[in-house]
Structures are given as structure tokens and as C-alpha cells.
Amino acid sequence: MTDLLHRQRPALVLLVAVALASTVVPLSAVATDTSVTIAIYALIALSVGLSWGQAGILSIAQAAFAAMGAYATSIVTIKWDLSPYLGLLLAIVVPAAVAYPLARVVTRLAALSLSIATFAFGEIFYTAVRQGGDLTGGYIGLSGAPEVSIAPTFVSFHYLGWACVVVVVALYSNLRASARGRALRTIRHDRIRAAADGVNVPHTLGSLFALSAAVTGLAGWLYAHYITYVGPESLDTNLSISVLLMAVIGGAATVLGPVVGAALLTVADQFLPAEEAKGLFYGAVLILALLVLPKGLLGMGWPLRSRRRNGRGEQGPLAPVREGARPLVAAPTRKGAGG
Amino acid sequence: MVSTFVEFLIHGVLVGVTYGLLAIPLTLVYTTTDTVDLAVGGYAVLSGALASVVGGVTGVLVGLGAGVLAAATVGTLFVILARAGAPDPVTVVLATFGFSIALASVVLWSMGSDPFVARVFTEFWQVGTIRVSPQGAINLGLAVGMLVGLLLLLYRTSLGRAMRASAVNAVGAGLAGIPVRRVQFLTFVSGGLMAAAAGVLVLYTTGMDYTSVLQLGLLAIGSALVFGMRPMRAFAGGIAIGVVEALAGGYISGGWSAAIPLLFILVMLASGRLGRLSAAEVRP
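All figures in this text were calculated on a predicted structure; none of them were measured in a lab.

Enquirer: Residue-level account of the overall build of chain B, with values.
Expert: The helix and strand inventory of chain B stands at twelve helices and two strands. For 284 residues, the compact-globule estimate of 2.2 N^0.38 gives 19 Å, and chain B sits close to it at 19 Å. Structurally, chain B occupies a C-alpha span of about 60 × 45 × 35 Å along its principal axes. For chain B, the proportion of its 284 residues judged to be buried stands at 56%. Counted over contacts in chain B with a minimum sequence separation of 6, partners at least 24 positions apart contribute 74%. As displayed, chain B offers around 11300 Å² of accessible surface, 68% of which is attributable to carbon and sulfur atoms.

Enquirer: Mind laying out helix α3 (residues 29-55) of chain A, listing which residues take part and the relevant values?
Expert: Residues and elements named next belong to chain A. The first and last C-alpha atoms of α3 sit 38 Å apart over 27 residues, in line with the 39 Å expected at 1.5 Å per residue. Most of α3 is tucked away: 21 of the 27 residues are buried. At the N-terminal boundary of α3, the capping side chain belongs to Ser28, with an oxygen 3.3 Å from the backbone nitrogen of Val30.

Enquirer: Go over the confidence of the model for chain A, please, and point to the residues and values.
Expert: Residues and elements named next belong to chain A. Overall, the predicted model of chain A reaches an average pLDDT of 86, with 88% of residues at or above 70. The low-confidence segment residues 302-325, where pLDDT is below 50, has 35 contacts with residues more than four positions distant or belonging to other chains. Confidence drops under pLDDT 50 across residues 331-339; counting only partners more than four residues distant or on other chains, this segment forms 22 contacts.

Enquirer: Help me get a handle on the confidence of the model for chain B, residues and values and all.
Expert: Detailed conclusions should not be drawn from predicted coordinates in areas where pLDDT is low. Residue and element names in this part refer to chain B. On average, residues of chain B score 85 in pLDDT, and 95% of them reach the 70 mark or higher. Residue range residues 274-284 is modelled with pLDDT below 50. Its contacts to residues more than four positions away, or to other chains, number 44 contacts. In the predicted assembly, ipTM is 0.86 and pTM is 0.87.

Enquirer: Let's hear about the pattern of salt bridges: which residues, and what values?
Expert: All names here are of chain A. Enumeration over the complete set of coordinates arrives at four salt bridges over all chains. Here Asp134 makes a salt bridge to Lys79, at a shortest N to O gap of 3.7 Å. You can see Asp134 sitting in the loop between α6 (111-130) and β1 (142-143) and its partner Lys79 sitting in helix α4 (residues 62-79), a full 55 residues away along the chain. With a closest N to O distance of 3.0 Å, Arg193 and Asp197 form a salt bridge. A relative accessible area of 46% means that Arg193 is categorised as partly exposed. When its relative accessible area of 45% is taken as the criterion, Asp197 is described as partly exposed.

Enquirer: Any details on the side chain of Ser22 of chain A? Residues and values, ideally.
Expert: Residues and elements named next belong to chain A. With respect to the helices and strands, Ser22 occurs in helix α2 (residues 9-24). A polar side-chain atom of Ser22 sits 3.0 Å from a polar atom in the side chain of His158. Sequence-distant contacts of Ser22, defined by excluding residues within four places in its chain, comprise His158 and Tyr159.

Enquirer: Any chance you could break down unusual backbone geometry for me, citing the residues and the numbers?
Expert: Across residues other than glycine, the phi torsion is negative in most instances, and most of the peptide bonds are trans. Residues and elements named next belong to chain A. Positive phi outside glycine occurs at Asp81, with the angle close to 60°. Following the sequence through the fold, Asp81 ends up in the loop between α4 and α5 (84-106). For Asp81, a relative accessible area of 67% translates into the label exposed. The phi dihedral of Thr228 is positive, around 60°, even though this residue is not glycine. Within the element layout of this structure, Thr228 appears in the loop between α10 (201-227) and β2 (229-230).

Enquirer: How would you summarise the packing of aromatic side chains if you had to cite specific residues and measurements?
Expert: All names here are of chain A. Tallied over the entire structure, the rule returns eight aromatic pairs over all chains. On the basis of an interplanar angle of 55° and a centroid distance of 5.9 Å, the ring pair of Phe281 and Tyr282 is categorised as tilted. The class of Tyr282 is buried, set by a relative accessible area of 6%. Members of the aromatic cluster, connected to one another through ring pairs, are Phe65, Phe121 and Phe209.

Enquirer: Residue-level account of the packing of helix α2 (residues 40-54) of chain B against helix α8 (residues 180-205) of chain B, with values.
Expert: Residues and elements named next belong to chain B. For the pair α2 and α8, interaxial distance at closest approach is 7 Å and the crossing angle is 50°. Comparing their axes, α8 and α2 come out oblique. Our pair here, α2 against α8, has a crossing hand that is right-handed. Only Gly192, Ala195, Ala196, Gly199, Val200 and Leu203 of α8 make contact with α2, whose side of the interface consists of Val40, Tyr43, Ala44, Ser47, Gly48, Ala51 and Ser52. Split into classes, the residues belonging to the contact of α2 with α8 amount to eight nonpolar, five polar and no charged.

Enquirer: So what about the environment of Leu219 of chain B? Which residues, and what values?
Expert: All names here are of chain B. Note on placement: Leu219 falls in helix α9 (residues 212-227). Leu219 sits ten residues away from Asp209 along the chain, and the two C-alpha atoms are 15 Å apart. Apart from the residues within four sequence positions on either side, Leu219 is in contact with Tyr19, Ile241 and Glu245.

Enquirer: How would you explain the nonpolar core if you had to name every residue and give the values?
Expert: Core analysis: the largest hydrophobic core is formed by 186 residues, its most contacted members being Leu43 and Val165 of chain A together with Tyr43 and Ile221 of chain B. Dropping the residues within four chain positions of it, Ile221 of chain B is found in contact with Leu112 and Ile116 of chain A together with Leu26, Val36, Leu38 and Met229 of chain B.

Enquirer: Could you give an account of the packing of α5 of chain A against α10 of chain A, naming the residues involved and the relevant values?
Expert: All names here are of chain A. At a minimum axis distance of 7 Å, the contact between α5 and α10 shows a crossing angle of 145°. Read as a crossing pair, α5 and α10 show a hand that is right-handed. Per-class residue counts for the contact of α5 with α10 are 18 nonpolar, six polar and one charged.

Enquirer: Describe in detail helix α13 (residues 278-292) of chain A, supporting the description with residues and values.
Expert: Taking 1.5 Å as the rise per residue, α13 of chain A with 15 residues should run 21 Å; its terminal C-alpha atoms sit 21 Å apart, in good agreement. Looking at the buried side of α13 of chain A, the elements it contacts are α11 (237-250) and α12 (257-269) of chain A together with α3 (56-83) and α4 (89-111) of chain B.

What counts, and where the lines are drawn
- Residues numbered from 1 in each chain as written.
- Chains lettered and ligands numbered in written order.
- Predicted model: local features only at pLDDT ≥ 70, side-chain atom pairs only at ≥ 80, totals over all residues.
- Heavy atoms only, no water.
- Helix = DSSP H or I, 4+ residues; strand = E, 2+ residues; numbered from the N terminus.
- Rg over C-alpha atoms; globule rule 2.2 N^0.38 Å.
- Buried < 20%, exposed > 50% of the residue type's maximum accessible area, 1.4 Å probe, protein only.
- Contact = heavy atoms within 4.5 Å.
- Areas by Shrake-Rupley, 256 points an atom, 1.4 Å probe, with all protein chains shown as cover.
- Expected span 1.5 Å × (residues − 1).
- Polar contact = N/O pair within 3.5 Å; in protein donor to acceptor, adjacent residues only side chain to side chain.
- pLDDT = per-residue confidence, 0-100.
- Salt bridge = Lys/Arg side-chain N within 4 Å of Asp/Glu carboxyl O.
- Phe/Tyr/Trp six-rings, centres within 6.5 Å; stacked < 30°, edge-to-face > 60°.
- Axes fitted to C-alpha atoms, helices over the stretch in contact; angles between N-to-C directions.
- Parallel < 35°, antiparallel > 145°, perpendicular 65-115°, else oblique.
- Left-handed = near helix turned anticlockwise from the far one by under 90°.
- Nonpolar A, V, L, I, M, F, W, Y, C, P; charged D, E, K, R; others polar.
- Core = buried A, V, L, I, M, F, W, Y, C linked by side-chain atoms within 4.5 Å.

Okay, here's the thing in C-alpha cells:
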């Protein structure tokens, strides 16, 4: 029991924070709207935490997977008049089904090539959506996704969104404590060692990436039914970059870091003087975060750090991971100037 | 029919050399620092935009100067990160990426969202049935000149030797008396100069706007990655992407053509065959 409490501390902390916030948030429509936005971004940022923080897959396609989920549910509910709950299933399954083979291909690549490959994948997806004709609504997008019966009002959507975040956080904590979570940490540290330990590296990375795509797909489902519109620009590459920033600021390797980052940046967004300044602000914050808090706000140690236990069980999930095993572009032996 | 194809091909090569020119600084920085400066697109657009706003030769000089200053800022950032302890290459890449987002925002804020375009030549050269822009010839000439200059710098000067030494073994180079950090800083700055020059060429060739910062940066990194992280290969990669882009623009209708260069990059990266000869090093 104490084990469970210990493992699920992030989810419990989040639950308390959400409960406290829920005493004031529903009083203001603006705050409710912000809260739902934070919940949606937090889910996408959590997917960054999963893929990058746990397995070192720095994907710039996370918003594209969210868009995939949003389109999946919008198409079945608007075009085919089916239930939003079927949409939920598809919004989770379709991105995961696309992400798994993609991961099998790209996780063989070095870190930078991998990121560029996911970026290229995302842009190709957006092009496909724009060229999708009647099915995807082309440049105009799809509007009029129906309301979800369990969350008919904005306030109930706030609860629904944060319930999703808490569930994902709880599952995420479970994953980290499991054998598969330890396998992932080994992979991140040294793939050959992981393979020698009997871990099926490509499959493990593929499933993790599929899981992270499923989480963003869930965010896309929430987005589609909350905003009731999705277009090619709704969840674009800029958002992929923003959620990356959220994860970096909060601490990509920690469970709650991405959620904290999402909350901070979404609130800060509303105080920016002009839309043009957003890039300047984001860029400056990213550089500052990397200079001052390279492990993110929650990665610096307490208060959410899991205690190490006498040489057994978790070997400090937040312990710094040596990056030496992950070449940015190529193995050092192949380097050298000249053509 | 054949002449249209050749025209697309030539156009692609002439645009591609600017991508190649942007990709070379990436390989240079990678060679000496083990990381990549993704802000090259930012230097290019900053320099091109200033060259267009100020105008004339002064504009070009102001643009080049601004590009170099921006690169010096990134070089300083790198040195700070490096002094704080051996930096994770991905951290540096993210920092340069953040810098390039900030640069895009600065260009948008100070110079607006309208495209920057400039033309020197209105006449085209007619070679048989094929039309060639004189600007393209200038691009090609300047790019080849800079590439040759760079190779001479790397292999015929003591700075070049110091750069290569810092790349192969930074600690050893430091022990041998090479000021490794200064060499790395200079690499960022000279890369910035090349990127700024490429930016001016892009301004006179296809034009640009503030969104080109990310686009050019990613085309540059794509060019550097498709054949391998070395100056000559990156240059060839840039030309290949330029050609793919031109052919796609010519033969594939509307919206899909923009995705073809990206598809090319994705396929090149994903195909295991290239993994052996390029930066797309295959991992277990």
C-alpha cells in the first residue's frame, strides 16, 4: 500500500492541485477556458516527456499526432454521424497505429536525424490533410464536432480534461516503476547493454512511441470536442515546438514536469504584449531554461523526487542519464572534415 | 519537353546551391563542436531582410554584419554552456533552435510579415531553348568559391588544422596548446558569415519572409543529413534537395509539391542503405 502511494505520488499531488484549482476555476469563464487549454497541452507535453524524457526520442511530430486524433474523431462524428466515444477510441488507436511503424524506422537513426525525420513526417501529414478534399475539409478544416455527453458544459470539460491528465500521469508513473520502464532507462543509457539484457529494443521503443502518440491523440480528441473545430493550422508544428519547450521547462524526465511547464507557459502566453513577440519570448525562455535549469523546474531534485531505496528497486529514475551513448549525428569514428 | 526538364533541373541546381551554402556551416560547426547550429536559417533571413530593407551594397554589408553578430551570440551561448560542463549536444541544438525562433520573431516584429524580394537581373540568358537566370550563375560561382575557400581554410591553414584537431579530440587539442573554445567560437562566427551570405543570395533568388527562418534552417539540416555531415556532401545534399524541389514544383500539382522535398529527406534518412555512408548512423 505504501509502495502504491509512493509510486503514485505524482498523480496524488496532481489530484490535490486540480481539486484545489477546481474550487476557484469554475467561477470564471476565462479561467475555465485556460484550464481546459492547459489540460490539453499538458497531455501533449506529457507525450513529449514519455518519448523524450524516458526514451530519448525527440519528436517534432507530437502536435501532428494530436491533429491525427482530432481529425479521426471529427471525421467519424461529423461526416459519418457516429458516437464521440467511437471517436475517442479511434483518436487513440489511429495515432498509435501510425506511430509504431514510424518509430521502428526512425529510432534506428541518430538523435538529430530522428528529430528531422519526425518533423518531415509531421509536415507531410499536414500536407495530406490539406489535400484531403472533402474528408478532411482541406484548408478549411472540419467544424461542428458534437458535444460529449459526459461533459456538456465548459466546467465539466475542465473536469474531464484534468481527469484524463491524472489518469495518464498515474499510468505513466506505473510504467516507470515497471520492468518495461527500467528497460527504457537502460535503452536510453546504452542500447547495446539493453539488447544484451534481453530487451527487444526496437519493439520497446516502438511501443513507447505508440503510447506517446496515443496520449497526444487523446489530447486531440479533447481539442476537437472542446473547440468543435480542427483545421490544418489548429495543431501545427509550432505547437509541437511549444510543447517541447513546456517539457524542457518543467523537466522532461520527471512525470509532472511537462504538466507544470504547460501550465506556466499557457498562463504566460496570456500576458504577452503582442503575438509577434511570442517567438522572442519562447526562444528566450528556452535558452534561459537550458542555461539555468537544464533539467527543468522539477528535475532539480526535490520536492517530487522519488526516494532511492536501499539499493533495490528503482535506481533513481531522476538520476542524471549520461548522454555519452547517444551520438547527435554520427558515431565519432566516422567524423572528420572534408568531403 | 526535354528542354523543360533541363530547365527545371538547372533551376533546381541554382536554388540548391543556396541550401548547400547554408548546410556547410552546419557541418563546420558539427566538425569542431560535435553539435549543430540550427540558427543558420535565422542568420540567413536576418541578413537577407536587412539587405532588402537597407538596400544596395550598404544593405548587403549591414546584413552580413548582423548575421555575424547573431552567430557570435550563439557562439557565446555555446561557450557558456560548454564552460558549465560538457554540454549534451542536444541541449546546444535546442538552444540554437530557441535562438532561431527568437530571430524569426525579431524579423517579424521589426520588419513585418511581407516577403523580402530583390532582383538585380530582369533579363534571362537564353541558351538554346533553355532560359537561365544570371543570378543563378552568381549563386553557383559564389557558392563554389566559398566552398573552395573553406576547404583551403580547413586543409591549408593553421586555423584549419586547429579546427580539425578540436574536432577529433578536444581535450588533446587543448593540451597541445590549441585554444579549443576560441576555435569553436570562431567556427560559429565563420558559419554565421557563410549563412548570412547565403541569405543575401536567397533574397536575390527566390525571396524570403520571417517564416523562412525555420524553413531554411530545416532545409539546411536536411541537406547536411541526406548525404553526410561533411562540407562537400552537404553541398551535394543541398543541390539534390533543390533539384527535387524544382522537379516536384514543375511536375506535381499544387499542394503536394511542397511535401516532396521533405518526403525525399524522410526516405533518405529512413533507408538503411544511406545509414552506412551518412550521418544517419544506424543504431541497434
